[in-house]
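# Report on the structure
Chain residues, written in single-letter form:
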Amino acid sequence: MSFSDFSRIRTSLETGELSVTDIVHNYIQNIEQRNDEINAVVSLDKEAALQRAGAVQDRVDEGTAGKLAGMVVGVKDLICEKDKQATCASNILANFESVYDATVVERLINEDAILLGRLNMDEFAMGSSTENTIYEPTHNPVDVTKVPGGSSGGSAAAVAADFCTTALGTDTGGSIRQPASYCGVVGLKPTYGRVSRHGLIAFASSFDCIGPLTHSVKDAAVMLETLAGFDKNDNTSSSRTVPNYRQYADNPDSNIRIGVPEEYFGEGLDDEIREGIRDQLSELEEAGAELVPIHLPHMKYGIATYYILATAEASSNLARYDGIRYGHRADIREVEADLKKEEEALKEQIRLAEGEEKVKLGARLEDMDSPLIRLYKKSRTEGFGTEVKRRIMLGTYVLSAGYYDAYYGKAQKVRRLIKQDFTEAFEEVDVIASPTAPTTAFDVGANIENPVQMYLNDIYTISANLAGICGINIPAGTHSNGLPYGMQFMAGTFEEGKLFNAARLVEQLSE
């Protein structure tokens, strides 16, 4: 059975057509049938989910159930659930279990949602294809030879494959919206600070946002109403009142001003996607929307700015994984044995050397790592994957004394200019429309050896994270290759209602 959205589930519960246990059984069955080929779910707790389903059904029968009763949620594997693995798809945290629930998890549980499993991802959310993972790559449910996008590819694939009603993902530079586009689902990146990050294992703290991936715009609105709001455990969370987001999806207003930036429709964009989105915008215009040409002049610096700032923050955040306090630790006996061999070999070279060479070798002996330093190095070398190491090294470089002002300091200034571009644009328009990704999903393995090409997949999404504004992917059509593609809307800070309004108008075009 496939559920098109949560409203259908609630109707089935209220009429008695289905029980909560039936719903959970349905998703478990779907996972058992298809997860071997898709690999979206990396940990499934069937017993706990079914036990909770029975308890929630009791509250449904009593009329005391929360507003998410019947909703089954998958959780990206870097959002903490008490006593569940939280590995970030990395060997450095391969055996780590969380000792507390993230705030978003608490809020879902309080509204009687059922958390079914942990979902695959790119290691530490660094990637655009869900191939950088200790769990093997996730595959796109629409075509299993294609990637699902990333880093929340497991979350997008799980929703698209009907493994859960909705899923939690994270968006640092497009990691909810891009996989949502590739898999043909709705993906929401809230305004920075709208949803608490407490319990989210950090990649880049000034960029990271938790958001939902869903089958429909209304489901995304329902989820955000639950997830949003101030949290005393996160000093970056906003104290603004959480609006009734569902009203924007229930009664969308077609009389809106849509900004269309020429910078998002130029070179590098698939021709069919360009024309498909322009056709959608024309239909919105016929329905009453006004299309307004706008310019975002600093958008061309977005990729470079993002990868300087995000890697700098990653370098700092990931310094805590040292092999001592928690996570993977190399074998200290092997470390000491290797050091002893190196020391003996160096001493033998010194014995045989003469003059200046002897002095140089003596200096190397004095500078040899201590066992503790070597333990740090070996633990991190074994624990982190290639892409994470690449970003740590890049981030450390741009933060180094000789390059801080030239790279990191300058990137912060450009970030401010990008934010100003959006601030000025939103004085003229309600939302900004663009493609979500320049192409449809690519073949598994096609870009794994080409990191620059992989980074360019986020070219249309990164600017929203740099500016701290909100964005949403809405399925916009099917390419001639049979794969879905999405349209992105962006709105000003804390203007998610405008996103839901615009996205629902597009959704209605296909109904």
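The structure reproduced in this document is the subject of the present report. Note that this is a predicted model, so its numbers are computed, not measured.

Right, let's get into the sheet that holds strand 9 (residues 431-435). Ordered by their spatial adjacency, 11 strands build an open sheet running 1-3-2-4-6-5-10-11-9-7-8, and the pairing between neighbours is mixed. At either margin of the open sheet sits one strand with a lone partner, and together these are strand 1 (41-44) and strand 8 (290-294). On average, each strand axis in the sheet is tilted by 30 degrees relative to the strand beside it, whichever way the strands run. Where strand 5 (residues 186-189) lies against strand 10 (residues 470-478), three bridges are found, and the strand directions are antiparallel. From the neighbouring strand, Lys189 faces strand 10, where its bridge partner is Gly471. Along the sheet, helix 3 (residues 46-62) contacts strand 1 and strand 3 (114-119); its crossing angle with strand 3, the most-contacted strand, is approximately 160 degrees. Those strands touched by helix 5 (residues 153-160) are strand 2 (72-76), strand 3, strand 4 (166-171) and strand 6 (209-214), and its axis lies near 155 degrees from that of strand 4.

Before going further, it helps to examine the packing of helix 11 (residues 332-352) against helix 12 (residues 355-366). Between two packed helices, both the angle of their axes relative to each other and the distance between the axes serve to describe the pair. Running from N to C, helix 11 and helix 12 cross one another at 160 degrees; their axes reach a closest spacing of 9 Å. With respect to helix 12, the axis of helix 11 lies roughly antiparallel. In this structure, helix 11 meets helix 12 at a crossing whose hand is left-handed. When helix 11 is examined against helix 12, the residues Glu343, Leu346, Lys347, Gln349, Ile350 and Arg351 are found in contact with a partner set consisting of Lys358, Leu361, Gly362, Arg364 and Leu365.

Note the cis peptide between Gly150 and Ser151, where omega equals 5 degrees. Along the chain, Ser151 turns up in the loop between strand 3 and helix 5. Located in the positive-phi region is Ala89, a residue other than glycine, with phi close to 55 degrees. Secondary-structure assignment places Ala89 in the loop between strand 2 and helix 4 (103-110). Positive phi outside glycine occurs at Ala125, with the angle close to 65 degrees. In this fold, Ala125 is placed in the loop between strand 3 and helix 5. The class of Ala125 is buried, set by a relative accessible area of 3%.

With eight bridges connecting them, strand 10 and strand 11 (residues 484-491) associate as antiparallel partners. Along strand 11, the bridge assignment pairs Asn473 with Gln488. Where strand 10 hands over to strand 11, the hairpin turn is made up of five residues, of which Gly482 adopts a positive phi near 90 degrees.

So, about the environment of Gln29. One can find Gln29 in helix 2 (residues 20-38). On the accessibility criterion, Gln29 (42% relative accessible area) is partly exposed. Spatially, the C-alpha atoms of Gln29 and Phe163 are 8.5 Å apart, while their sequence positions differ by 134 residues.

Criteria and thresholds
- Residues numbered from 1 in each chain as written.
- Predicted model: local features only at pLDDT ≥ 70, side-chain atom pairs only at ≥ 80, totals over all residues.
- Heavy atoms only, no water.
- Pairing = 2+ DSSP bridges.
- Helix = DSSP H or I, 4+ residues; strand = E, 2+ residues; numbered from the N terminus.
- Axes fitted to C-alpha atoms, helices over the stretch in contact; angles between N-to-C directions.
- Contact = heavy atoms within 4.5 Å.
- Parallel < 35°, antiparallel > 145°, perpendicular 65-115°, else oblique.
- Left-handed = near helix turned anticlockwise from the far one by under 90°.
- Buried < 20%, exposed > 50% of the residue type's maximum accessible area, 1.4 Å probe, protein only.

Bear in mind that shape data such as this cannot, by itself, settle questions of function.
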